[in-house]
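Descriptive analysis of the structure
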Amino acid sequence: MTHRHDSDEVLAFWFEELTPGQWFRRDEALDSTIATRFGALLAAARQGELSHWRHSDRGRLAEIIVIDQFSRNVYRHDPRAFSHDSQALVLAQGAVRKGCDQRLSLTQRPFLYMPWMHSESLHIHREAAQLFGQPGLERHLEVEHRHLMILERFGRYPHRNDILGRTSTPEEIAFLTTPGSSF
């Protein structure tokens with residue numbers, strides 16, 4: 001299948017058109033822009049149709065950004081936002097095994113590691129702490145520690161409960177009223 005975009009266009013959009021402040025902020029206009037520009041590409045990536053991008057480190061990173069980041073924008077407040085997290089993690093694990101992460105810039109590398117942070121597995125988060133513990137990624141390591149503390153306390157991310165149709169415990173409900181309880 002032919003796709004309108006290539007991996008370099010995805011990376012240029014993410015790292016050049018957007019500012020770092022836009023990467024993690026909720027913004028309906030940005031969500032709409034990503035859906036319009038990259039929605040078909042996201043659908044193709046979720047079907048495994050971008051495997052040819054994996055021939056380069058940058059291509060691998062772009063595929064992971066599409067699956068892991070764009071899905072959170074396009075499907076905000078929808079279970080599909082998290083439905084391919086395991087696919088993104090497997091792709092990222094393969095990239096790290098091949099040493100791709102070490103050939104990416106310190107600005108790009110955290111997005112290769114982000115699928116570890118998005119996981120609700122404590123085992124995976126132990127690996128995440130090692131990845132984000134590399135020099136130059138200290139700010140991301142602090143965020144990883146906050147994610148890990150939530151998982152150690154609840155075994156899952158309570159802020160996903162409503163979206164995923166999970167029943168929240170009274171402790172989770174109380175936690176969700178505190179500042180910084182969701183990402």
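Report on the accompanying structure. Since this is a predicted model, take the numbers as computed values, not measurements.

This paragraph deals with the side chain of Arg 156. By the element assignment, Arg 156 lies in the loop between helix H8 (138–154) and helix H9 (161–164). One polar contact links Arg 156 to Glu 172, side chain to side chain, over a distance of 2.7 Å. Setting aside chain neighbours within four positions, we find Arg 156 in contact with Glu 120, Ile 150, Leu 151, Asn 161, Arg 166, Thr 167, Ser 168, Thr 169 and Glu 172.

Turning our eyes to something else, we now look at the nonpolar core. Formed by 45 residues in total, the largest nonpolar core has its most connected members in Val 10, Trp 14, Ile 65 and Phe 70. If you list the elements that add at least two residues to this core, you get helix H1 (7–17), helix H3 (28–46), helix H4 (57–74), helix H5 (85–97), helix H6 (109–118) and helix H7 (122–132). Each of domain 1 (1–103) and domain 2 (119–182) contributes no fewer than three residues to this core. The contact partners of Ile 65, leaving out residues within four places of it in the chain, are Val 10, Leu 11, Trp 14, Phe 15, Phe 70 and Phe 111.

Turning our eyes to something else, we now look at the pattern of salt bridges. Per the stated rule, a full pass over the model turns up 12 salt bridges. Two residues, Asp 57 and Arg 103, come together in a salt bridge whose shortest N-O distance is 2.6 Å. Placement of Asp 57 in helix H4 and of Arg 103 in the loop between H5 and H6 is noted, with a sequence separation of 46 residues between them. With relative accessibility at 53%, the residue Arg 103 sits in the exposed group. Arg 160 is the partner of Asp 85 in a salt bridge, and the nearest nitrogen-oxygen pair spans 3.9 Å. One end of the pair, Asp 85, is in helix H5; the other, Arg 160, is in the loop between H8 and H9, with 75 residues separating them in the sequence.

Another aspect to go through is unusual backbone geometry. Even without a glycine there, the phi angle at His 77 is positive, about 65°. Inspection of the secondary structure puts His 77 in the loop between H4 and H5. Relative accessible area serves as the criterion here: at 59%, His 77 is assigned to the exposed category.

Reading guide: rules and limits
Residues numbered from 1 in each chain as written. Predicted model: local features only at pLDDT ≥ 70, side-chain atom pairs only at ≥ 80, totals over all residues. Heavy atoms only, no water. Helix = DSSP H or I, 4+ residues; strand = E, 2+ residues; numbered from the N terminus. Polar contact = N/O pair within 3.5 Å; in protein donor to acceptor, adjacent residues only side chain to side chain. Contact = heavy atoms within 4.5 Å. Core = buried A, V, L, I, M, F, W, Y, C linked by side-chain atoms within 4.5 Å. Buried < 20%, exposed > 50% of the residue type's maximum accessible area, 1.4 Å probe, protein only. Domains from an automatic or database assignment. Salt bridge = Lys/Arg side-chain N within 4 Å of Asp/Glu carboxyl O.

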